[in-house]
Amino acid sequence: MIEKDLNQIFQTRIDADEKIEARDWMPEKYRQTLIRQISQHAHSEVVGMLPEGNWITRAPSLRRKVALLAKVQDEAGHGLYLYSAAETLGAKRSDLLQQLIDGTAKYSSIFNYPTLTWADIGAIGWLVDGAAIMNQVMLCRTSYGPYARAMVRICKEESFHQRQGYEIMIALSQGSEEQKAMAQDALNRWWWPSLMMFGPNDDESKHTAQSMAWRIKRKTNDELRQAFVDASVPQAEYLGLTIPDEYLKWNEERGHYDFGPIDWDEFWQVVKGYGPCNAERIAARRKSQEEGKWVQEAAMAYARKRKQRSQDQKTKVA
Ligand code: BYC
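The notes below deal with the structure included here. Each chain carries its own residue numbering, running from 1 in the direction its sequence is written. Local features in a predicted model are, by the rule used here, given only for residues with pLDDT of at least 70; side-chain atom pairs are given and counted only at 80 or more, and totals for whole chains, interfaces and linings are based on all residues. Think of the side-chain values as coming from all heavy atoms in the structure, minus any hydrogens and water.

Topic: the pattern of salt bridges
- Whenever Lys or Arg places a side-chain nitrogen within 4 Å of a carboxyl oxygen from Asp or Glu, that contact is recorded as a salt bridge. For the structure shown, the criterion picks out 19 salt bridges.
- Linking Arg-63 and Glu-167 is a salt bridge whose minimum nitrogen-to-oxygen distance equals 2.9 Å. Taken together, the residues span a long stretch of sequence, with Arg-63 in helix H3 (residues 62–87) and Glu-167 in helix H6 (residues 145–173) at a distance of 104 residues.
- Throughout, exposure labels follow a simple rule: accessible area from a 1.4 Å probe, protein chains only, divided by the maximum for the residue type, with under 20% read as buried, over 50% as exposed, and the rest as partly exposed. A relative accessible area of 33% places Glu-167 in the partly exposed class.
- Its salt-bridge partner being Arg-281, residue Glu-280 comes within 3.6 Å of it at the nearest N-O pair.
- With a relative accessible area of 5%, Arg-281 lands in the buried category.
- Where salt bridges share partners, they join Glu-52, Lys-71, Glu-75 and Asp-129 into one cluster. Segments assigned H or I by DSSP are reported as helices when at least four residues long, segments assigned E as strands when at least two residues long, and all are numbered from the N terminus.

Next comes the structure, spelled out in structure tokens:
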């Protein structure tokens, strides 16, 4: 069959909302788009552990520590499901990890900001995980089966992460004046970077149109950003905190909140590697890769031995 026909059959399957599976024919660009997005997503989960890991030893109580540990552990798990999903498309995990530590792979801009106080852990759970859920719920219906299935479990865990953060924000905002000020300061610093997580405006987003046509993305960057703002405003009101945007205002006609301009220069600086913590994050991943090499080698040697043993047993039975 010629490529044009294959493309047509593929698009018909997409339009009928059929899931594409690893062994199905797919356009090379579809495969590459998915490897790019899934691997960036996996890297984000793994790098996302770092700003929070910074507070595990300093969590204010055992209960908070246990919840934060569980959250960070979940993120490692999300990274693993996602690297596995990328592998079903023919990507090699070792290549993807190498790109991350070379600094050539992208990961979410949000994780290049520092976590200065305990309130940042609350703000990350509330806003960063909140933004992540907004984006990832649509990915449970993405057209590529292995990615969609991984996202179902990830979203369930992300909901717990969001609750964990919002609960910290409730405690702080109902606490002493100093605690309330910490919560407000964290909101001030995390609000705009959280809006940037959704990516450039639709008219600047080079991948959105094709990814929507292939149903990899089900909503555009701007649609998701707007939904996030609309959901967050009442949550901030409940906390008694002020979102740091003088233009934030309910627009009756649109049925949405209007919000101020995003600093896209800051966004692109961070994406290109010049954010406050980019170098620190990559250095931490590189160190972990180097120091963890022996674990990887031991696991591979064990896997080889197990395989050999099972082959030997099969030969004996035969
Ligand atoms: N940061 O054409 P566009 C988490 C890049 S993990 C950095 O709109 P697309 C969590 C984009 O990659 C959160 N780069 O792209 C973990 C592209 O560059 P390339 C991560 C960004 O793919 C632990 C270029 O800009 N979530 O939630 O259609 C703890 C043009 O953009 C960003 C995911 O990865 C950014 N913010 O749309 C807590 C979800 N935005 O590749 C929480 C899956 C854009 O051409 N990913 N870029 O060099 C997606 O849904 C989409 O990839 C995006 C971007 C919406 C992020």
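Read on for the rest.
So, the packing of helix H2 (residues 28–53) against H3
- The axes used here are C-alpha line fits, helices contributing only the stretch in contact, and every angle between their N-to-C directions lies in the interval 0 to 180 degrees. Viewed as axis vectors pointing N to C, H2 and H3 meet at an angle of 160°, and their least axial separation amounts to 8 Å. Between H2 and H3, the angle is such that the two are roughly antiparallel. The interaxial crossing formed by H2 with H3 has left-handed handedness. Where H2 approaches H3, its residues Ile-35, Ile-38, His-41, Ala-42, His-43, Glu-45, Val-46, Gly-48, Met-49, Glu-52 and Gly-53 are matched on the opposing element by Leu-68, Lys-71, Val-72, Glu-75, Ala-76, His-78, Gly-79, Leu-82, Tyr-83, Ala-85 and Ala-86.
- Following the grouping adopted for this structure description, the nonpolar residues are Ala, Val, Leu, Ile, Met, Phe, Trp, Tyr, Cys and Pro, the charged ones are Asp, Glu, Lys and Arg, and the polar ones are all others, Gly among them. Considering only residue class, the contact of H2 with H3 consists of 12 nonpolar, six polar and four charged. Note that the term roughly parallel is reserved for angles under 35 degrees, roughly antiparallel for angles over 145, roughly perpendicular for angles of 65 to 115, and oblique for everything else. Left-handed is the label given to a crossing in which the near helix is rotated counterclockwise from the far helix by less than a right angle, and right-handed is the label when the rotation is clockwise. The contact criterion used throughout is that any non-hydrogen atoms of two residues lie within 4.5 Å.

Examining the site of the ligand
- A single heavy atom is enough: if one lies within 4 Å of a molecule or strand, its residue is considered near that molecule or strand. Near the ligand lie 33 residues; those nearest to it are Gln-40, Lys-106, Ser-205, His-207 and Lys-217.
- By the criterion applied in these results, polar contacts are pairs of N or O atoms within 3.5 Å in which, for protein atoms, one can donate a hydrogen and the other can accept it, and in which residues neighboring in sequence qualify only through two side-chain atoms. Within the contact set of the ligand, an oxygen atom lies 3.4 Å away from a side-chain nitrogen or oxygen of Gln-136.
- At a separation of 2.6 Å, an oxygen atom of the ligand approaches a polar side-chain atom of His-207.
- When the free accessible area of the ligand is taken as 1,000 Å², the share hidden by the protein chains comes to 94%.
- Elements supplying a minimum of two residues to the shell around the ligand: H2, helix H5 (118–139) and helix H10 (264–274).
- In terms of residue count, H2 provides more of the shell around the ligand than any other element does, seven residues in total.
- For the shell around the ligand, the per-class residue count stands at 13 nonpolar, 13 polar and seven charged. Where accessible areas are quoted, they stem from the Shrake-Rupley method and a 1.4 Å probe; at the residue level, only the protein chains shown are allowed to cover.

A short note on the environment of Lys-316
- With respect to the helices and strands, the residue Lys-316 is situated in helix H12 (residues 293–317).
- For the pair Lys-316 and Pro-51, spaced 265 residues apart in sequence, the C-alpha separation works out to 52 Å.

Considering the nonpolar core
- Among buried residues, those of type Ala, Val, Leu, Ile, Met, Phe, Trp, Tyr and Cys that are joined through side-chain atoms within 4.5 Å constitute a nonpolar core. Counting residues in each nonpolar core, the largest one holds 74 residues, and the members touching the most others are Tyr-30, Ile-38, Tyr-144, Trp-190 and Trp-191.
- Of all the elements, H5 adds the most residues to this core, at 11 residues.
- Those residues in contact with Ile-38 that sit more than four places away from it in its chain are Leu-82, Ala-85, Ala-86, Leu-89, Tyr-144 and Tyr-147.

Details of the packing of aromatic side chains
- Two rings from Phe, Tyr or Trp (for Trp, the six-membered ring) form a pair when their centres sit within 6.5 Å of each other. Planes less than 30 degrees apart are called stacked, planes more than 60 degrees apart edge-to-face, and all others tilted. Using the criterion set out here, one finds 11 aromatic pairs in the structure.
- Ring geometry for Phe-10 versus Trp-25: centroids 6.2 Å apart, planes at 80°, classification edge-to-face. Note that Phe-10 is positioned in helix H1 (residues 3–15) and Trp-25 in the loop between H1 and H2, a separation of 15 residues in sequence.
- Taking the relative accessible area as the measure of exposure, Phe-10 reaches 2% and is therefore buried.
- Measuring from centroid to centroid gives 6.4 Å for Tyr-113 and Trp-190, while their planes differ by 65°, and the two rings are edge-to-face. Within this pair, whereas Tyr-113 is found in the loop between helix H4 (93–102) and H5, its partner Trp-190 is found in helix H7 (residues 177–196), the two being separated by 77 residues in sequence. Judged on exposure class, the residue Tyr-113 and its partner Trp-190 are both buried.
- An aromatic cluster of at least three residues, connected via ring pairs, comprises Phe-10, Trp-25, Tyr-30 and Trp-214.
- Only lysine NZ and arginine CZ atoms are considered, and such an atom sits over a ring when it is within 6 Å of the ring centre and within 35 degrees of the ring normal. Between the NZ or CZ atom of Arg-58 and the centre of the ring of Trp-55, over which it lies, the distance is 4.0 Å.

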